Amino acid sequence: MKLRMIITINIRVRMNSSVNQEIYHHWKEILHQQGYRVTRPRQLVMEIILSSQTALTPQEIFEISLDAEQSLGIASVYRTIEMLEELALIQQVHKPGGCRAIWPALEGHKHYLVCEDCGRIEVIPGNEAIGDYINTVETHTGYQIEGHWLQLFGCCQKCLQRG
């Protein structure tokens with residue numbers, strides 16, 4: 001219950017940011033272009049995802065929606081997540097403990113830092129040196145590597161300061 005309140009407050013604050021508003025409008029435009037209707041449940045899922053500083057599981061998205069004027073059904077959450085993933089607007093990330101969660105997809109070569117205490121995610125630039133390693137793996141295995149996904153887990157500065 002406490003987690004839902006904190007995230008709900010963050011939603012109201014962060015959706016006011018111009019970057020999140022820009023992404024939100026871009027996502028809506030892509031849905032229109034691909035022939036999807038932009039229904040209120042879909043809008044709410046997109047708002048929740050874009051407003052969170054942590055990756056959220058479908059269940060967490062559903063629980064946060066319960067505080068909204070029009071709550072969602074869990075099936076609507078899953079269908080919207082599936083649609084957003086098919087459109088490459090979101091991607092799955094691993095949370096500490098092995099649970100998969102949802103985060104806006106990144107453009108370019110970037111990676112994640114995930115706080116194991118609070119779940120906060122920071123985006124960091126990718127390092128091209130990993131390309132050498134990928135080439136070595138291809139040579140030794142015969143695989144044709146199509147991409148990679150790197151997440152680093154640790155404890156953020158805020159959590160370290162709290163002790």
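Everything here concerns the structure above.
From a predicted model like this one, the values you see are computed outputs, not experimental measurements.

K.L.:
Could you clarify how one ought to interpret the packing of helix H4 (residues 58-65) against helix H5 (residues 74-86) in this entry?
P.N.:
For any two helices packed against each other, the geometry is given by the interaxial angle and the distance between the axes. The contact between H4 and H5 brings their axes to 9 Å, and the two run at 125 degrees. One finds that H4 runs oblique with respect to H5. H5 is crossed by H4, and the crossing has right-handed handedness. Between H4, through Pro58, Gln59, Ile61 and Phe62, and H5, the contact on the second element is made entirely by Ile74, Val77, Tyr78 and Ile81. Looking at the contact of H4 with H5, its residues break down into 7 nonpolar, 1 polar and no charged.

K.L.:
Which parts of the structure should I look at to understand helix H3 (residues 40-51)?
P.N.:
For an α-helix, the turn length of 3.6 residues means that residues three or four places apart are oriented alike. Taking 1.5 Å per residue, 12 residues should reach 16 Å; H3 reaches 16 Å between its end C-alpha atoms and fits that length. Across the 12 residues that make up H3, a large majority, 9, are buried. By the burial criterion, the buried members of H3 are Gln43, Leu44, Val45, Met46, Glu47, Ile48, Ile49, Leu50 and Ser51.

K.L.:
Where do I start with a nonpolar patch on the surface in this structure?
P.N.:
Taken together, Leu113, Leu150 and Leu152 make up a surface patch of nonpolar side chains, about 210 Å² in accessible area. Position of Leu152 relative to the elements: it lies in strand E5 (residues 151-154). Overall, Leu152 belongs to the partly exposed group, its relative accessible area being 38%.

The rules behind these values
- Residues numbered from 1 in each chain as written.
- Predicted model: local features only at pLDDT ≥ 70, side-chain atom pairs only at ≥ 80, totals over all residues.
- Heavy atoms only, no water.
- Axes fitted to C-alpha atoms, helices over the stretch in contact; angles between N-to-C directions.
- Helix = DSSP H or I, 4+ residues; strand = E, 2+ residues; numbered from the N terminus.
- Parallel < 35°, antiparallel > 145°, perpendicular 65-115°, else oblique.
- Left-handed = near helix turned anticlockwise from the far one by under 90°.
- Contact = heavy atoms within 4.5 Å.
- Nonpolar A, V, L, I, M, F, W, Y, C, P; charged D, E, K, R; others polar.
- Expected span 1.5 Å × (residues − 1).
- Buried < 20%, exposed > 50% of the residue type's maximum accessible area, 1.4 Å probe, protein only.
- Patch = residues over 30% accessible without salt bridge, like charges linked within 9 Å, V, L, I, M, F, W, Y side chains within 5 Å.
- Areas by Shrake-Rupley, 256 points an atom, 1.4 Å probe, with all protein chains shown as cover.
- Salt bridge = Lys/Arg side-chain N within 4 Å of Asp/Glu carboxyl O.

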